[in-house]
Amino acid sequence: FFFLSALIVYTRYGITKNRTLCLWCLLLFLFGLLSKVMVMTLPLILLLLDLRNRRPWTKGMFIEKIPFFTLSIIFGIVGLFGKQQMLGVTSTGDKILMAFKSTSFYFHKLLIPSHLSVVYPFPREITFLSVDFLIPVVLVSFIIICTLLLFNRNREVFFGMLFFFITVTPTFLNFAKAGELFVASDRYVYVPAIGLFYLVSLGVWKAMSSLRKKELHLPRHILVTGTGLGLAVLALFAHLHTHAWQDDEKFFAQSLEFYPDSYVAHNNLGNALLMKGDFDGAIREYRAAVELHPNSGRAIGNLALAYGKNGELNKAFSLIYQTLQINPRHAELHFRLGERHNSLLW
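About the thresholds
- Residues numbered from 1 in each chain as written.
- Predicted model: local features only at pLDDT ≥ 70, side-chain atom pairs only at ≥ 80, totals over all residues.
- Heavy atoms only, no water.
- Axes fitted to C-alpha atoms, helices over the stretch in contact; angles between N-to-C directions.
- Helix = DSSP H or I, 4+ residues; strand = E, 2+ residues; numbered from the N terminus.
- Parallel < 35°, antiparallel > 145°, perpendicular 65-115°, else oblique.
- Left-handed = near helix turned anticlockwise from the far one by under 90°.
- Contact = heavy atoms within 4.5 Å.
- Patch = residues over 30% accessible without salt bridge, like charges linked within 9 Å, V, L, I, M, F, W, Y side chains within 5 Å.
- Areas by Shrake-Rupley, 256 points an atom, 1.4 Å probe, with all protein chains shown as cover.
- Salt bridge = Lys/Arg side-chain N within 4 Å of Asp/Glu carboxyl O.
- Buried < 20%, exposed > 50% of the residue type's maximum accessible area, 1.4 Å probe, protein only.
- Phe/Tyr/Trp six-rings, centres within 6.5 Å; stacked < 30°, edge-to-face > 60°.
- 1 Å grid on protein atoms, 1.4 Å probe; cavity = no way out; pocket = protein on both sides within 12 Å on 5 of 7 lines; lining within 4 Å.
- Points joined across faces, edges and corners; volume = space filled by probe spheres on them.
- Nonpolar A, V, L, I, M, F, W, Y, C, P; charged D, E, K, R; others polar.
- pLDDT = per-residue confidence, 0-100.

Caption draft 1: The arrangement of the packing of helix H14 (residues 279-292) against helix H15 (residues 297-309) in detail. The N-to-C vectors of H14 and H15 enclose an angle of 155°; their axes lie 9 Å apart at closest approach. One finds that H14 runs roughly antiparallel with respect to H15. At the point where H14 passes H15, the crossing takes the left-handed sense. Residues Phe279, Ala282, Ile283, Tyr286, Arg287, Ala289 and Val290 of H14 form the contact with H15, whose participating residues are Ala299, Ile300, Asn302, Leu303, Ala306, Tyr307 and Lys309.

This is how it looks when you write it as structure tokens:
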């Protein structure tokens with residue numbers, strides 16, 4: 001909301017040259033950063049807007065961006081401190097390869113929004129020689145080169161594509177979580193997708209303009225009907241997808257339909273079943289999670305909890321003690337034992 005509001009205000013500032021609007025834009029940017037650090041790319045998008053509108057490159061244009069970049073750098077540093085543990089899980093090379101993989105994945109899902117899920121795990125090895133990474137590297141590199149070459153020929157396409165690439169960049173540090181690698185997350189592409197949807201909308205608008213000018217020999221009703229049907233189909237799929245959000249059980253069960261090897265989905269589905277009182281179902285899902293991730297203290301602790309809730313105390317304690325013998329530093333399991341001894345758990 002604040003990101004888009006800032007863009008609207010800045011666009012108005014570009015027309016009126018009212019300095020007060022620039023201050024409002026900065027304030028909206030601050031509110032956006034306080035909401036989610038991902039909007040830190042706004043200063044680059046403001047420069048991109050200037051390029052799109054062919055604004056002359058002057059000293060004043062860059063001076064007015066200094067407060068924006070200052071806020072972006074401060075919040076970016078704070079955000080990195082909060083992700084230090086996550087950043088140390090993988091190497092720089094792995095992060096770069098996953099960035100290419102994620103970008104191509106987002107392109108695919110935006111063009112063909114099927115098999116949408118709350119998790120997109122990647123259980124295989126990260127290596128450049130793998131088809132999983134070689135093709136995305138070649139494809140995304142080709143798209144980036146074509147985008148840069150269009151700078152003088154078509155500023156609109158340049159703007160839309162670069163909008164996507166710039167705003168998706170901060171998400172590339174978030175693919176390692178809870179002991180599992182994730183290719184992407186739907187929520188990370190909400191803002192970047194605007195750049196691609198902008199190009200689609202622009203294409204439809206230009207086609208309609210060409211029809212009015214008789215430059216395009218195509219019956220107008222065909223274009224209008226085709227666009228309407230396309231939007232209707234997408235709306236239908238969106239409506240059907242909302243059924244998965246009815247509750248946590250359906251939410252994670254749908255993810256397991258597409259990604260049955262996701263330890264996180266099994267664990268979270270177990271949580272949902274446990275909350276419903278389906279202890280047998282929860283035990284089944286927690287077991288699956290432990291099989292996929294044997295060193296997860298969280299999954300083992302949850303399985304022990306489910307055993308306890310189901311009246312199988314011997315299994316619960318045996319599981320915890322056996323695991324602690326292998327790794328006595330499992331904080332989650334010590335926490336479960338502490339709860340038990342305090343009579344708060346079972």
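Next comes the rest of the write-up.
Caption draft 2: Expanded view of a nonpolar patch on the surface. Together, Trp24, Leu27, Phe31 and Leu34 make up a nonpolar patch on the protein surface, roughly 400 Å² of accessible area in all. Here Leu27 lies in helix H2 (residues 19-35). For Leu27, a relative accessible area of 33% puts it in the partly exposed group.

Caption draft 3: Seen up close, the packing of aromatic side chains. In the structure shown here, the tally under the stated rule is 17 aromatic pairs. A ring pair is formed by Phe105 and Tyr120, whose centres lie 4.8 Å apart and whose planes are at 65°; its orientation type is edge-to-face. Residue Phe105 is found in helix H7 (residues 92-111), and its partner Tyr120 is found in the loop between H7 and helix H8 (131-149); the two are separated by 15 residues along the sequence. Across the pair, exposure class does not vary: Phe105 and Tyr120 are buried alike.

Caption draft 4: Here's a closer look at empty space enclosed by the protein. Going through the model one piece at a time under the given rule, you end up with 1 cavity of 30 Å³ or more. Space inside the largest cavity adds up to approximately 70 Å³. Forming the walls of the largest cavity are Met98, Ser102, Tyr106, Thr171, Phe172, Asn174, Phe175, Phe182, Val183, Ala184, Ser185 and Tyr188. Grouping the amino acids of the lining of the largest cavity by side-chain chemistry returns 8 nonpolar, 4 polar and no charged.

Caption draft 5: Focus on the side chain of Ser72. Checked against the element boundaries, Ser72 lands in helix H5 (residues 66-82). The residues touching Ser72, leaving out its near neighbours within four places in the chain, are Phe29, Leu33, Met40 and Pro43.

Caption draft 6: Highlighting the packing of helix H1 (residues 2-16) against H2. Put simply, H1 and H2 touch, their axes get as near as 8 Å, and they point 165° apart. In terms of orientation, H1 and H2 fall into the roughly antiparallel class. Here the hand of the crossing between H1 and H2 comes out left-handed. Contacts between H1 and H2 involve Phe2, Ser5, Ala6, Val9, Tyr10, Arg12, Tyr13 and Thr16 on the former and, on the latter, Arg19, Leu21, Cys22, Trp24, Cys25, Leu28, Phe29, Phe31, Gly32 and Ser35. Looking at side-chain class alone, the contact of H1 with H2 contains 12 nonpolar, 4 polar and 2 charged residues.

Caption draft 7: Structural detail: the confidence of the model for the chain. Residues at a pLDDT of 70 or more form 93% of the chain, whose mean pLDDT is 85. The least confident element of the chain is helix H6 (residues 84-87), whose mean pLDDT is 56; the most confident is H2, at 95.

Caption draft 8: Fine view of unusual backbone geometry. Unlike most non-glycine residues, Lys17 shows phi in positive territory, near 60°. Mapped onto the secondary structure, Lys17 falls in the loop between H1 and H2. At Arg54, a position not held by glycine, the phi torsion is positive, near 55°. Structurally, the position occupied by Arg54 is in the loop between helix H3 (42-52) and helix H4 (59-63). We classify Arg54 as exposed; its relative accessible area is 53%.

Caption draft 9: Looking closely at the layout of surface pockets. Empty space within the largest pocket amounts to approximately 1,200 Å³. Those elements giving two or more residues to the lining of the largest pocket turn out to be H7, helix H10 (193-212), helix H11 (220-242) and helix H12 (248-258). Residue composition of the lining of the largest pocket, grouped by class: 23 nonpolar, 10 polar and 3 charged. Space inside the second largest pocket adds up to approximately 540 Å³. Taken together, 20 residues make up the lining of the second largest pocket; nearest its centre are Val37, Met38, Met40, Pro170 and Leu173.

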